[in-house]
Amino acid sequence: MAVDYQAAATQLFTLRDLLRWATSRFHEAQLFYGHGNDSAFNEAAQLLLHCLNLPVNDLPEIFLDSRLTTDEKQDFLDLVKQRVENHIPVPYLTHEAWFAGLPFYVDERVLIPRSPFAELIDEQFSPWLHEETEVHRILDMCTGSACIAIALAIAFPEAEVDAVDISSDALTVAKINQNKHLLTDRLTLIESDLWSNLDRSQQYDLIISNPPYVGDDEMATLPAEYRHEPTMALRADDNGLALVEKIICGAAEFLTKDGLLFVEVGNSDEAVSEKWPETGFMWLDFENGGHGIFMLTQQQCEAFAKG
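Predicted model, so just to flag it, every value in this text is computed and none were measured.

**A few points about the packing of aromatic side chains**
So, point 1. A complete count under the given rule lists 9 aromatic pairs for this structure.
So, point 2. In textbook terms, an aromatic cluster arises when at least three aromatic residues are bridged by ring pairs, as seen for Phe125, Phe156 and Phe262.

Shown next, in the form of structure tokens:
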């Protein structure tokens, strides 16, 4: 059924009216909610609060019966139309996403942050990284918007962080976020095809990576919302495992002797275990949901690299 946006503009007046109407339209369009929100109502509320320049994490009861200006209403309806007709994820419409409690600029040059790495960063990788362990250097491989790298820099204020990506477009977005969080002194952005442009004399106490890991079969089943994200940041050859193998092998050289590697592979976790059954991956559990992150020590990476 076609949505009559003109009628909505003339018949709806308050925040409460528009939230109810947009929630109904989102349900009707059978949208997918996998980029920070978990329901049609939350998506509608986030879009509306964005248009009204109100905090996106709070909808005060006192405002619900407030009337919108004509321009405010039109801005909101324009975003609803893009969400319904084109299935554009909300963070691309608002150019804002939250990760580890921090706001980030995002657009269609980068993935929208949604990694369970946020929970590990909040806990400073405890219990695998002991409190007395000094972390001097951290590497975020395949950084995208640099959300993980920036969260790491804030969680480990004494550490230097390098953030690597093959995409110059992604690094342009990462630079926006680097400036936004005032981290030009401790965060270095590096354009590189994985390890190729890194200083071979450099070693890291922590290497974190959320690389492309989606195989062709899974790519074919992704909801329309994911089609707005850069394919090169999602898809990988060899059933999603091609880059994972290179990352483990490179980590053997770039980790300190007590260093740790953490890699997210999402739904490719079973494929990883099946392909390398002798490696002894430590698969992590998360209280806040999520899966598919493994940990390896430097010695395990070295053994993996030697075959």
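**As for the sheet that holds strand S3 (residues 137-141)**
Within a sheet, adjacent strands bond to each other through the backbone by hydrogen bonds, running parallel or antiparallel.
So, point 1. The strand order across the open sheet formed by 7 strands is S5-S4-S3-S6-S7-S9-S8, and the pairing between neighbours is mixed. In the strand order of this sheet, the two ends are held by strand S5 (187-191) and strand S8 (282-283), each with one partner.
So, point 2. As judged from the 5 bridges shared by S3 and strand S4 (residues 160-165), these two strands associate in the parallel manner. In the strand pairing of S4, Arg137 is matched with Glu160.
So, point 3. Packing of helix H10 (residues 242-254) onto the sheet brings it into contact with S3, strand S6 (204-209), strand S7 (255-264) and strand S9 (293-297), and relative to S7 it is tilted by some 165°.
So, point 4. The strands that helix H12 (residues 298-306) touches are S7 and S9; relative to S9, the one it contacts most, it runs at about 90°.

**Concerning H12**
Working note: α-helix, 3.6 residues per turn, so residues spaced by three or four point in the same direction.
So, point 1. Gln298, Cys301 and Phe304 are the residues of H12 that are buried. Along the axis of H12, the buried positions cluster into a sector of 120°, meaning they face one direction only.
So, point 2. For H12, the secondary structure elements touched by its buried residues are H10, S7 and S9.
So, point 3. One or two steps after H12, the chain reaches Gly307, where phi turns positive at roughly 80°.

**Description of the environment of Pro89**
So, point 1. Note that Pro89 resides in the loop between helix H4 (70-86) and helix H5 (90-94).
So, point 2. Pro89 gets classed as buried once you look at its relative accessible area, which sits at 1%.
So, point 3. A C-alpha to C-alpha distance of 9.4 Å links Pro89 and Ala224, two positions 135 residues apart in sequence.
So, point 4. Setting aside residues no more than four positions away along its own chain, Pro89 makes contact with His35, Arg83, Ile112, Glu225 and His228.

**Some remarks on the pairing of S5**
So, point 1. Sheet analysis places S4 next to S5, joined by 5 bridges and oriented parallel. Its bridge partner being in S5, Val161 is matched across the sheet by Leu187.

**Description of the nonpolar core**
So, point 1. Counting residues in each nonpolar core, the largest one holds 36 residues, and the members touching the most others are Phe117, Phe125, Phe156, Leu206 and Phe262.
So, point 2. At the level of elements, strand S2 (102-104), helix H6 (117-122), helix H7 (147-155), S4, helix H8 (168-180), S6, S7 and S9 are the ones that each hand at least two residues to this core.
So, point 3. If you tally residues by element for this core, the top one is H7, at 8 residues.
So, point 4. Every residue in contact with Phe156, bar those within four places of it in the chain, is listed here: Gln124, Phe125, Leu129, Val135, Ile138, Arg186 and Leu206.
So, point 5. One finds Ala8, Leu15, Ala22 and Ala40 within the second-largest nonpolar core, a separate group that totals 35 residues.

**A word on the pattern of salt bridges**
So, point 1. Throughout the structure, instances matching the rule amount to 13 salt bridges.
So, point 2. With a closest N to O distance of 3.2 Å, Arg25 and Glu28 form a salt bridge. Of the two residues, Arg25 and Glu28 both sit in helix H2 (residues 15-29), 3 residues apart, roughly one turn of that helix.
So, point 3. Here Arg25 falls in the buried class, since its relative accessible area comes to 15%.
So, point 4. The salt bridge partner of Asp238 is Lys275, with a shortest N-O separation of 2.3 Å. Of this pair, Asp238 sits in the loop between helix H9 (216-219) and H10 while Lys275 sits in helix H11 (residues 269-275), placing them 37 residues apart in sequence.
So, point 5. Judged by relative accessible area, which is 39%, Asp238 ranks as partly exposed.
So, point 6. When salt bridges that share partners are traced, they join Arg16, Glu61 and Asp65 into one network.

Scoring rules and cut-offs
Residues numbered from 1 in each chain as written. Predicted model: local features only at pLDDT ≥ 70, side-chain atom pairs only at ≥ 80, totals over all residues. Heavy atoms only, no water. Phe/Tyr/Trp six-rings, centres within 6.5 Å; stacked < 30°, edge-to-face > 60°. Pairing = 2+ DSSP bridges. Helix = DSSP H or I, 4+ residues; strand = E, 2+ residues; numbered from the N terminus. Contact = heavy atoms within 4.5 Å. Axes fitted to C-alpha atoms, helices over the stretch in contact; angles between N-to-C directions. Buried < 20%, exposed > 50% of the residue type's maximum accessible area, 1.4 Å probe, protein only. Arc of directions from axis to C-beta. Core = buried A, V, L, I, M, F, W, Y, C linked by side-chain atoms within 4.5 Å. Salt bridge = Lys/Arg side-chain N within 4 Å of Asp/Glu carboxyl O.

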